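# Structure at a glance
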Amino acid sequence: MKAVSTKVNSLKHVLLGSLIGTTIEFFDFYIYANAAVLVFPQLFFPGENSTVSTLESLATFSIAFLARPLGSAVFGHYGDKVGRKVTLVVALLTMGISTVSIGFLPGYASIGVLAPILLMLCRFGQGVGLGGEWGGAVLLAIENAPPHKRAWYGMFPQLGAPIGLLLSGGTFLLLTDSMSPEAFMDYGWRIPFIASSLLVLVGFYIRLKISETPAFENSKEEQKEVKVPFVAVFKQYKNQLIFGTLAAITTFLVFYLMTVFMLNWNTKGLGFSNRDALLIQLFSVLFFAIFIPVSALAADKIGRRKMLIYTTIAIAVFGFFFPLFLTSANIVMVTFFVCLGMSLMGFIYGPLGTFLSELFPTTVRYTGASLTFNLAGILGAAFAPMVAIKLAESYGIVAVGIYLTVAAVISLISLLVISRQEHKF
């Protein structure tokens, strides 16, 4: 029987639907990252040693990465069996409710140890939601794309990361500029968490207007269904899962070194003000955003895998430049360094979603791509800020650069040995 999709999504709905969801999700995710450095150490983990408080706060930051594979498995299962649309809506609501709840949490001074416990539960919910969101948003884009523009379409949900980061960092900068430090620590930090509910409502409305993807409808029409996608991925696509995960770890590591670690290094290690550190981060995100579409265009011409290989080599070299730029408090040199790192992040992140999705067939694609991406998040990001802070403290900034270079070499080897088979869309 010939497969025919009953309804075709418009280009506007496809691209806006994939972009708006990941923008909201990453906005929610990144406001936590900013707060984990600037607010939570004092509010939820008070103590005499500021480094210990920061590390405890960043430990809660890592919880979301541990939760993301669970979100991948659960949402991936229903995304591969029920459909992309419904699953994406539920993932968005899971993330949104968890984020808004953080804005209403009392601090340690009010309820003691229960405060960080509730914070960890909310962070866990954020991770589960994002674990299900990313894969579905990428599939919404690329499963509606013509073959010669798959990386270009798959770039749109990736743009949600820099846009979400700009919105979250800009919100924190605006609040710190317009409020006294006391007012900001008292209630100002809560505003972006609570205000994210408005973005969720917008995303919810747009997602409801989107039809199921043609690839999924065709797969159902041909009665190609896997009983348990999670099990099938581990049994039949072990090569893609393992080496795809290792190939993606550098993407996570370079990003969280350039954001969370650098926010801490600039404020605590180099003595920059919170405002200057946030300005550096926001300016560098522009380069991240610019090079995502550039890399997608190039990936459609030379191939997704080649694009990732070339960029990974560049990141391995970049790791040796840490001590050259980050051993003095020269704000120009530091800004240039972070902008360079975020440019490389744009190059590697743009085609990544398409590359990972092409490793799996339609019947397990939601589960496979999501698991690969989010397992890489555990290895490359969950503990990266904590590890980098301890390395810098114990061995100097040069050790942080070596950390990145070693990860890039692992990713490069994985890209060279991974299966080159592309599955039908």
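What you see is a predicted model, and the numbers here were worked out from it, not measured in a lab.

## Observations regarding the overall build of the chain
If you tally the helices and strands in the chain, you get 20 helices and zero strands. Taken against the 2.2 N^0.38 rule, which gives 22 Å for 425 residues, the C-alpha radius of gyration of the chain at 21 Å falls within 12% of a compact globule. Referenced to the eigenvectors of the C-alpha coordinate spread, the extents of the chain come out at roughly 70 × 45 × 35 Å. Per-residue burial over the chain gives 61% buried out of 425 residues. Restricting to contacts in the chain with at least 6 residues of sequence separation, those with at least 24 account for 86%. When the accessible surface of the chain is summed, it comes to about 16100 Å², and 69% of that surface belongs to carbon and sulfur atoms. Both charge centroids of the chain, one from 28 positive and one from 20 negative side chains, sit 10 Å from each other.

## Structural notes on the pattern of salt bridges
Under the counting rule described, the total for this entry stands at six salt bridges. Glu-358 is the partner of Arg-150 in a salt bridge, and the nearest nitrogen-oxygen pair spans 3.4 Å. One end of the pair, Arg-150, is in helix H7 (residues 150-178); the other, Glu-358, is in the loop between helix H17 (352-357) and helix H18 (365-382), with 208 residues separating them in the sequence. Across the pair, exposure class does not vary: Arg-150 and Glu-358 are buried alike. The residue Arg-304 makes a salt bridge to Asp-300 at a minimum N-O spacing of 2.9 Å. Arg-304 gets classed as buried once you look at its relative accessible area, which sits at 10%. Each of Arg-150, Asp-300, Arg-304 and Glu-358 takes part in one network of salt bridges that share partners.

## Remarks on the packing of aromatic side chains
A full pass over the atoms with the stated rule returns 27 aromatic pairs. Between Phe-318 and Phe-337, the aromatic rings sit 4.7 Å apart at their centres with planes inclined by 20°, giving stacked as the arrangement. Of this pair, Phe-318 sits in helix H14 (residues 304-318) while Phe-337 sits in helix H16 (residues 331-349), placing them 19 residues apart in sequence. Of the two residues examined, Phe-318 and Phe-337, each falls in the buried class.

About the thresholds
- Residues numbered from 1 in each chain as written.
- Predicted model: local features only at pLDDT ≥ 70, side-chain atom pairs only at ≥ 80, totals over all residues.
- Heavy atoms only, no water.
- Helix = DSSP H or I, 4+ residues; strand = E, 2+ residues; numbered from the N terminus.
- Rg over C-alpha atoms; globule rule 2.2 N^0.38 Å.
- Buried < 20%, exposed > 50% of the residue type's maximum accessible area, 1.4 Å probe, protein only.
- Contact = heavy atoms within 4.5 Å.
- Areas by Shrake-Rupley, 256 points an atom, 1.4 Å probe, with all protein chains shown as cover.
- Lys, Arg positive; Asp, Glu negative; His and termini not counted.
- Charge placed at Lys NZ, Arg CZ, Asp CG, Glu CD.
- Salt bridge = Lys/Arg side-chain N within 4 Å of Asp/Glu carboxyl O.
- Phe/Tyr/Trp six-rings, centres within 6.5 Å; stacked < 30°, edge-to-face > 60°.

Shape is all these values report; function is a separate question.
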